[in-house]
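A look at the structure
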Amino acid sequence: RNVKRYMACRNDIRRHDAPFIAVYKSLIPAEEELEKQKQLMAKLDNLVANEWPNAKLYLYGSCANSFGFPKSDIDVCLAIEDDDVNKSEMLLKLADILESNDFQNVQALTRARVPIVKLMDPVTGISCDICINNVLAVVNTKLLRDYSQIDGRLRQLAFIVKHWAKSRKVNETYQGTLSSYAYVLMCIHYLQLRSPPILPCLQEMEPTYSVRVDNIRCAYFDNVERLSTFGSSNRETIAELVWGFFNYWAYGHDYANTVVSVRTGSILGKREKDWTRRVGNDRHLICIEDPFETSHDLGRVVDKFSIRVLREEFERAAKIMHQDPNPSAKLFEPY
Ligand code: CTP
Ligand code: MG
């Protein structure tokens, strides 16, 4: 009888696959937007190469990790191997160059936590932030993109979760909720833990890619085209995964004791990471380990108020997935 009930429930949830796929398709950016980004990058590449011949520009964040929405700003990292770069001076110099090449709204924010130059390109209409030597972000961007190549369900799930988080105003790190980067890691982790798994753990496999960044060794298996059938024995569909994801974060996750870790493809104890108490501003109320900077908890922005907001939103989403006749609309109702 239980099996019967399970199958009935499963068929019921699968009715929602088509509407969720439609939401996903409405969120992915058009090809011509990517073309415009490339055009802008080429222009910036030129200007930078003229001034700093040994520097290189990299895209990172949502414009390069394959989890970007249409019309997002692009994030660029200027990497330069030079032991005594003065970031502020360089950013000011860069701002000068950009202004004299007709970029608009050029602004050097040299005192920000991550110092950047902001600009708007009048030709493509794209806004852009450029930072210096944030190479770890370039590497974790590649990790996310590589995961997204393995199984299409990751991109579907992550777009839906990001869209939900933005609609419900729980994607605002300055208000104590989580970054898009954190949500994508939560999605990867959820798919690693399915049985059978939908995603492997690339950092536990024989590395085919290895770089050292600020004394952190970043190594993992990146021949992902070899893994294109990895998840195929798991037949779960997008509606089931959305349902399961929210159910996990509403009722399944042990917030008091555990850490989700994409690096190991498993759930770790807070104790083994020594994340059991508040240190400074790190309260560890929801713990998501950065895959490379392993001392970094992406949940550290969350405080005792915002954890309640988050958990209530996870519960709301789980209830909608359980009960609502039209979850693909209700889930994204603006807060
Ligand atoms: N990043 C990071 N550590 C964080 C937050 C972000 O290294 N705590 C880096 C990641 O490389 C991430 C990039 O900064 O890909 C941009 O982060 P974020 O804005 O959260 O994600 P986006 O993918 O750009 O999402 P959005 O569409 O919301 O801009
Ligand atoms: Mg971004």
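So, here is what we can say about the structure in this document. (Residues numbered from 1 in each chain as written. Chains lettered and ligands numbered in written order. Predicted model: local features only at pLDDT ≥ 70, side-chain atom pairs only at ≥ 80, totals over all residues. Heavy atoms only, no water.)

1. Some thoughts on unusual backbone geometry
- Between Ser 195 and the following residue, Pro 196, the backbone shows a cis peptide bond with an omega angle of -5°.
- Inspection of the secondary structure puts Pro 196 in the loop between helix H7 (180-192) and strand S6 (209-213).
- The phi dihedral of Asn 105 falls on the positive side, at around 50°, and the residue is not glycine.
- Note that Asn 105 resides in strand S3 (residues 104-109).
- Here the phi dihedral of Asp 214 falls at roughly 45°; this positive angle occurs in a residue that is not glycine. (Helix = DSSP H or I, 4+ residues; strand = E, 2+ residues; numbered from the N terminus.)

2. Let's talk about the sheet that holds strand S8 (residues 258-261)
- Taken in spatial order, the 3 strands line up as S9-S8-S10 in an open sheet, and their pairing is mixed. Of all strands in the sheet, those bounded by a partner on one side alone are strand S9 (266-269) and strand S10 (287-289). The sheet shows a mean angle of 35° between the axes of neighbouring strands, taken without regard to direction.
- Note that S8 and S10 share 3 bridges and pair parallel. Residue pairing for S10: Ser 261 is matched across the bridge by Glu 289.
- Lying over the sheet, H7 contacts S8, S9 and S10, oriented at roughly 85° with respect to S10. (Pairing = 2+ DSSP bridges. Axes fitted to C-alpha atoms, helices over the stretch in contact; angles between N-to-C directions. Contact = heavy atoms within 4.5 Å.)

3. Quick look at the sheet that holds strand S2 (residues 74-80)
- Overall, mixed pairing links the 5 strands, which are arranged S1-S2-S5-S4-S3 in an open sheet. Among the strands making up the open sheet, the edge pair consists of strand S1 (55-60) and S3. Going from strand to strand, the sheet's axes swing by 20° on average, the running direction of each strand aside.
- Judged from the 5 bridges that link them, strand S4 (residues 116-120) and strand S5 (residues 127-132) form a sheet pairing that is antiparallel. By the bridge assignment, Met 120 is partnered in S5 with Ser 127.
- In the packing of helix H3 (residues 31-51) onto the sheet, contacts are made with S1, S2, S4 and S5, and the angle to S1 comes to roughly 160°.

4. Looking at helix H2 (residues 17-27)
- Among the residues making up H2, those that are buried are Asp 17, Phe 20, Val 23, Tyr 24 and Leu 27. Seen from one end, H2 has its buried residues packed into an arc of 125°, which puts them on one side. Facing away from the buried side of H2, by more than 90 degrees, are the exposed residues Ala 18, Lys 25 and Ser 26.
- The secondary structure elements touched by the buried residues of H2 are helix H1 (2-14), helix H6 (152-167), helix H8 (238-252), helix H10 (306-323) and helix H11 (327-330). (Buried < 20%, exposed > 50% of the residue type's maximum accessible area, 1.4 Å probe, protein only. Arc of directions from axis to C-beta.)

5. Details of the site of ligand 1
- Around ligand 1, a shell composed of 16 residues is seen, among which Ser 62, Asn 140, Lys 162, Lys 166 and Ser 180 lie nearest.
- At 2.4 Å from an oxygen atom of ligand 1 is found a side-chain nitrogen or oxygen belonging to Asn 140.
- Separating an oxygen atom of ligand 1 from a side-chain N or O atom of Thr 141 is a distance of 3.3 Å.
- Considered on its own, ligand 1 offers 580 Å² of accessible surface; in the complex 73% of this is hidden by protein.
- If you list the elements that add at least two residues to the shell around ligand 1, you get helix H5 (135-150), H6 and H7.
- Top contributing element to the shell around ligand 1 by residue count: H5, with 3 residues.
- Taken together, the residues that form the shell around ligand 1 break down as 4 nonpolar, 9 polar and 3 charged. (Near = heavy atom within 4 Å. Polar contact = N/O pair within 3.5 Å; in protein donor to acceptor, adjacent residues only side chain to side chain. Areas by Shrake-Rupley, 256 points an atom, 1.4 Å probe, with all protein chains shown as cover. Nonpolar A, V, L, I, M, F, W, Y, C, P; charged D, E, K, R; others polar.)

6. Considerations on the packing of H6 against H7
- At a minimum axis separation of 9 Å, H6 and H7 run at an interaxial angle of 140°. Taken together, H6 and H7 sit at an angle that is classed as oblique. Note on packing geometry: the crossing formed by H6 with H7 is right-handed. Contact residues: H6 offers Arg 153, Leu 154, Leu 157, Ala 158, Val 161, Lys 162, Trp 164, Ala 165 and Lys 166, while H7 offers Ser 180, Tyr 183, Val 184, Cys 187, Ile 188, Tyr 190 and Leu 191. (Parallel < 35°, antiparallel > 145°, perpendicular 65-115°, else oblique. Left-handed = near helix turned anticlockwise from the far one by under 90°.)

7. Quick word on the nonpolar core
- Within the largest apolar cluster, 69 residues are counted, with the highest numbers of intra-cluster contacts made by Leu 157, Trp 164, Tyr 183, Phe 246, Phe 314 and Leu 331.
- Every element with two or more residues in this core is listed here: H2, H5, H6, H7, S6, strand S7 (216-220), H8 and H10.
- Considering every element that reaches this core, the biggest residue donor is H7, with 10 residues.
- Not counting chain neighbours up to four residues away, the residues in contact with Trp 164 comprise Val 170, Tyr 183, Phe 246, Glu 313, Phe 314, Arg 316, Ala 317, Leu 331 and Phe 332.
- Counting residues in hydrophobic clusters, the runner-up holds 27 residues, among them Met 41, Met 90, Phe 103 and Ile 132. (Core = buried A, V, L, I, M, F, W, Y, C linked by side-chain atoms within 4.5 Å.)

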